[in-house]
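# Topology and contacts: notes
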Amino acid sequence: GAVVSQHPSRVICKSGTSVKIECRSLDFQATTMFWYRQFPKKSLMLMATSNEGSKATYEQGVEKDKFLINHASLTLSTLTVTSAHPEDSSFYICSARGQLNNEQFFGPGTRLTVL
Amino acid sequence: AQSVTQLDSHVSVSEGTPVLLRCNYSSSYSPSLFWYVQHPNKGLQLLLKYTSAATLVKGINGFEAEFKKSETSFHLTKPSAHMSDAAEYFCVVSLPNAGKSTFGDGTTLTVKP
């Protein structure tokens, strides 16, 4: 099946700094990418949907100025957590969907810890 | 609109016994349905999917699920649990060509020796 990678897999940063997480579709072109956040022992919460070359669509309650999403190419989307605070600590998962079907392929996730 | 309900937050079985994880959905249109598994601190792995073909769907690792439109259900089963099946399982519904998917709250499967 299609492969989606995320980098880094883990990141620890100080409060107030910004962190960028990359999501790449390795063997297919992802017209749409999704960013999710997962709290411990909870389900995935969709943060935003991004289509290549256009602005991301954010879910209600998600701060677009804090969680910057860029989908500059058909194989790369980035999520930047700006001015991170301890409450932003979470597991962030991206997924990518190609043009052919409705299946999403998930990345392995990035564990963000803000001290 | 679409939604999905996983009826059990926790399921505990003994190794070698059957597994049943229940999922009900609601959707205005014919949905696509998926089951994913997540092991601790890992990403999601697709177990199986239903996309309007055969109603009994076979997936990886011996799992299967049956789409029952009259009951709006998509329960996940496995005849014999293995210790390695212990994980979190998510039922997901999405509309064809929809922009996003809706996740259930997850079911934690525990397998006792």
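How each quantity is defined
- Residues numbered from 1 in each chain as written.
- Chains lettered and ligands numbered in written order.
- Predicted model: local features only at pLDDT ≥ 70, side-chain atom pairs only at ≥ 80, totals over all residues.
- Heavy atoms only, no water.
- Disulfide = S-S within 2.5 Å.
- Helix = DSSP H or I, 4+ residues; strand = E, 2+ residues; numbered from the N terminus.
- Buried < 20%, exposed > 50% of the residue type's maximum accessible area, 1.4 Å probe, protein only.
- Contact = heavy atoms within 4.5 Å.
- Buried area = accessible area lost by both parts, 1.4 Å probe.
- Salt bridge = Lys/Arg side-chain N within 4 Å of Asp/Glu carboxyl O.
- Polar contact = N/O pair within 3.5 Å; in protein donor to acceptor, adjacent residues only side chain to side chain.
- Nonpolar A, V, L, I, M, F, W, Y, C, P; charged D, E, K, R; others polar.

## Focus on the state of the cysteines
Inspection of every chain in the model, using the stated rule, returns 2 disulfides over all chains. Put simply, C23 of chain A and C94 of chain A are joined by a disulfide, and their sulfur atoms are 2.0 Å apart. Its S-S torsion of about 80° marks the bond between C23 of chain A and C94 of chain A as right-handed, since a negative value means left-handed. With C23 of chain A in strand β3 (residues 19-25) and C94 of chain A in strand β9 (residues 90-97), this pair connects stretches of sequence that are 71 residues apart. An identical accessibility class is assigned to C23 of chain A and C94 of chain A; each is buried. One disulfide in the model links C23 of chain B with C91 of chain B; its S-S distance is 2.0 Å. Taking the torsion about the S-S bond as the criterion, the C23 of chain B to C91 of chain B disulfide, at about -65°, is left-handed. Of this pair, C23 of chain B sits in strand β4 (residues 23-27) while C91 of chain B sits in strand β10 (residues 87-94); the two residues are 68 residues apart in sequence, bridging distant segments of the chain.

## Remarks on the interface of chain A and chain B
Taken residue by residue, the interface counts 20 residues in chain A and 22 residues in chain B. Roughly 1,500 Å² of surface becomes buried between chain A and chain B when both sides are summed, with 46% attributable to carbon and sulfur atoms. There are 0 salt bridges connecting chain A and chain B. Run the count over chain A and chain B and you get 5 residue pairs in polar contact (both at pLDDT 80 or more). Mapped by element, the contributors of at least two residues to the side of chain A that touches chain B are β4 (32-38), β5 (44-51), β9 and β10 (104-106) of chain A. Looking at the side of chain A that touches chain B residue by residue, the class counts come to 8 nonpolar, 7 polar and 5 charged.

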